[in-house]
Amino acid sequence: MTKSKVLISGASVAGPALAYFLHRDGYEVTVVERAPVPRDSGYAVDFRGAALDVLAEMGILAAIREHETEMRGTALLDEAGTEIGQLPAEAFAGELEVPKRALTRILHEITAASVEYVFGDSISALTEHESGVAVEFEHGPAREFDLVFGADGVYSKVRQLVFGPHDEMVSHLGLSGAGFTTGNHLGLDHSGLLQSAGSTAIYLFSAADRDQLTVSLSFATDSPALDRRDRAEQERAVRAAFAGNGWQTTHLLEAMTAADDFYFSSSCQVSLDRWSRGRFALLGDAGYCAAPTSGAGTSQALIGAKTLARALADADGDYLSAFTAYETELRPYVAENQRNGRAAAALFGGQVSAEGVDKQ
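A brief look at the structure comes next. All figures in this text were calculated on a predicted structure; none of them were measured in a lab.

A closer look at the overall build of the chain
Item 1. Looking only at helices and strands, the chain has 11 helices and 18 strands in total.
Item 2. Relative to the globule expectation of 21 Å for 360 residues, the C-alpha radius of gyration of the chain, 20 Å, shows essentially globular dimensions.
Item 3. With the C-alpha coordinates aligned to their principal axes, the bounding extent of the chain is approximately 65 × 40 × 35 Å.
Item 4. When the 360 residues of the chain are sorted by exposure, 57% land in the buried category.
Item 5. Of the contacts formed within the chain by residues at least 6 apart in sequence, a portion of 70% connects residues at least 24 apart.

Next comes the structure, spelled out in structure tokens:
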């Protein structure tokens, strides 16, 4: 197959990163994203190890560093809010931490002129045939592509259509949480507070914007079903989990309802025997989410995009051998991250630990 048209579903991190590398290698790239504009959700992401090399190869490492949160550390609090210890910045921030909106904006900026972005739409049907893939969309006209990549998160539409139902591949790690921002009434300055009480945890931090406090309210759950419910039901679950808690809880629950950037997610992992099938391949959380408790989601997305693009380039268009090479190289790295994600989430049993707080 000659290098030609590819479709990527998802415009968060893995999708635009793959788009960058594939366009550089001569592919005609289209990215479809359900959100109406580039996503601005999520609060802080960090980079570790080879992910920094990927950013450097893309020519954006310096630009990313300009947004570094420069966190100085996190104070551990008891149930009454009294400090009982300190965690170094690296416990949360890895080697480099930035607001997620900065990363997604920069990735979009470096690809917008060379990649076709289709916002406000989603794939509705995929039909593979001898010479390509017929793709139907919820709103736009049907189109033909040579390859289709799913970079569309834990509840990937590409994975659902090609590989099967979500519940066969998504496993819940017992932890869910709400995130939002509010005024920095505690006066935190490039620092955080972590308080755990029973099966709940509150993580607060302020970094780039000293007037803004980022809030994460995590709690034990037995299912990720809340992820798919509306905000009102998610808020009710948060309030029920934190009922009776002291310290800042009442104020934070009021701020949650007033927040215009409320975000809810569960710690889940995605496990498949294969990340590819025919002309389809998955990357990032769609293929191998390691859970936020792993601290590796963003790094996996970047490294996965680079590895997949390099495999395609080395295979000179033989996508089947490229997909095999991609999986062979990346699976040990993913397996380690998923082990770490499960281990950190397991520490939640009875009490949330520092590693068990979902801050993304």
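Looking at the sheet that holds strand β15 (residues 212–220)
Item 1. The mixed open sheet is built from 7 strands, whose spatial order is β5-β4-β13-β14-β15-β12-β16. With one partner strand each, in any of the chains shown, β5 (83–87) and β16 (263–270) form the two edges of the open sheet. Within this sheet the neighbouring strands show an average axis-to-axis angle of 20 degrees, counted without direction.
Item 2. Taken together, the 9 bridges between strand β12 (residues 170–183) and β15 define a ladder with antiparallel strand orientation. Bridge pairing links Thr182 to Leu213 in β15.

Quick notes on the packing of aromatic side chains
Item 1. Applying the stated criterion to the full structure yields 9 aromatic pairs.
Item 2. Note on Trp275 and Tyr288: the rings are 4.4 Å apart at their centroids and 45 degrees apart in plane angle, and the pair reads as tilted. Residue Trp275 is found in the loop between β16 and β17 (276–277), and its partner Tyr288 is found in helix α9 (residues 285–288); the two are separated by 13 residues along the sequence.
Item 3. By relative accessible area, which is 1% here, Trp275 ends up buried.
Item 4. Exposure remark for Tyr288: the relative accessible area of 1% places this residue in the buried category.
Item 5. A network of ring pairs unites the aromatic residues Phe149, Tyr319 and Phe323 as a single cluster.

Some words on the pattern of salt bridges
When their charged atoms lie close together, side chains carrying opposite charge are able to pair.
Item 1. Applying the stated rule across the entire model yields 15 salt bridges.
Item 2. The salt bridge partner of Glu33 is Arg39, with a shortest N-O separation of 2.9 Å.
Item 3. Glu33 sits in the buried class, given a relative accessible area of 4%.
Item 4. Among the residues examined, Arg39 registers a relative accessible area of 37% and is labelled partly exposed.
Item 5. Put simply, Arg48 and Asp46 hold a salt bridge, and the shortest N to O gap is 2.8 Å.
Item 6. A relative accessible area of 30% means that Arg48 is categorised as partly exposed.
Item 7. According to the relative accessible area criterion, Asp46 is buried, its value standing at 6%.

Some thoughts on the sheet that holds strand β8 (residues 123–129)
Item 1. The strand order across the open sheet formed by 3 strands is β8-β9-β10, and the pairing between neighbours is antiparallel. Edge positions in the sheet fall to β8 and β10 (143–145), since each of these pairs with one other strand and no more. The average undirected angle you get between the axes of adjacent strands in this sheet is 25 degrees.
Item 2. Relative to strand β9 (residues 132–137), β8 runs antiparallel, the two sharing 6 bridges. Pairing of Ala125 across the sheet is with Glu136, part of β9.

Things to note about the nonpolar core
Item 1. By size, the foremost hydrophobic cluster in this structure holds 75 residues, and its most contacted members are Phe47, Val148, Phe149, Leu283 and Leu312.
Item 2. Among the elements that make up this core, the one with the highest residue count is helix α10 (residues 297–314) (8 residues).
Item 3. Apart from the residues lying within four places of it in its own chain, the contact partners of Val148 are Leu7, Ile123, Leu126, Val133, Val135, Val158, Arg279, Phe280 and Ala281.
Item 4. The next biggest cluster of nonpolar side chains, apart from the first, holds 24 residues, and it includes Tyr43, Leu193, Leu226 and Ala255.

Some remarks on the packing of α10 against helix α11 (residues 319–346)
Item 1. Where α10 contacts α11, the axes come no closer than 8 Å and their chain directions differ by 155 degrees. On the basis of their axis angle, the class for α10 and α11 is roughly antiparallel. Viewed along their axes, α10 and α11 form a crossing whose handedness is right-handed. Residues Ser299, Gln300, Ile303, Gly304, Thr307, Leu308, Arg310, Ala311 and Leu312 of α10 form the contact with α11, whose own contacting residues are Tyr319, Ala322, Phe323, Ala325, Tyr326, Glu329, Leu330, Tyr333, Val334 and Asn337.
Item 2. By residue class, the composition of the contact of α10 with α11 is 12 nonpolar, 5 polar and 2 charged.

Some details on the side chain of Glu235
Item 1. Summarising the element assignment, Glu235 is placed in helix α7 (residues 231–242).
Item 2. Glu235 has contacts with Met256, Thr257 and Phe262, leaving out every residue within four places of it along the chain.

Rules and cut-offs
Residues numbered from 1 in each chain as written. Predicted model: local features only at pLDDT ≥ 70, side-chain atom pairs only at ≥ 80, totals over all residues. Heavy atoms only, no water. Helix = DSSP H or I, 4+ residues; strand = E, 2+ residues; numbered from the N terminus. Rg over C-alpha atoms; globule rule 2.2 N^0.38 Å. Buried < 20%, exposed > 50% of the residue type's maximum accessible area, 1.4 Å probe, protein only. Contact = heavy atoms within 4.5 Å. Pairing = 2+ DSSP bridges. Axes fitted to C-alpha atoms, helices over the stretch in contact; angles between N-to-C directions. Phe/Tyr/Trp six-rings, centres within 6.5 Å; stacked < 30°, edge-to-face > 60°. Salt bridge = Lys/Arg side-chain N within 4 Å of Asp/Glu carboxyl O. Core = buried A, V, L, I, M, F, W, Y, C linked by side-chain atoms within 4.5 Å. Parallel < 35°, antiparallel > 145°, perpendicular 65-115°, else oblique. Left-handed = near helix turned anticlockwise from the far one by under 90°. Nonpolar A, V, L, I, M, F, W, Y, C, P; charged D, E, K, R; others polar.

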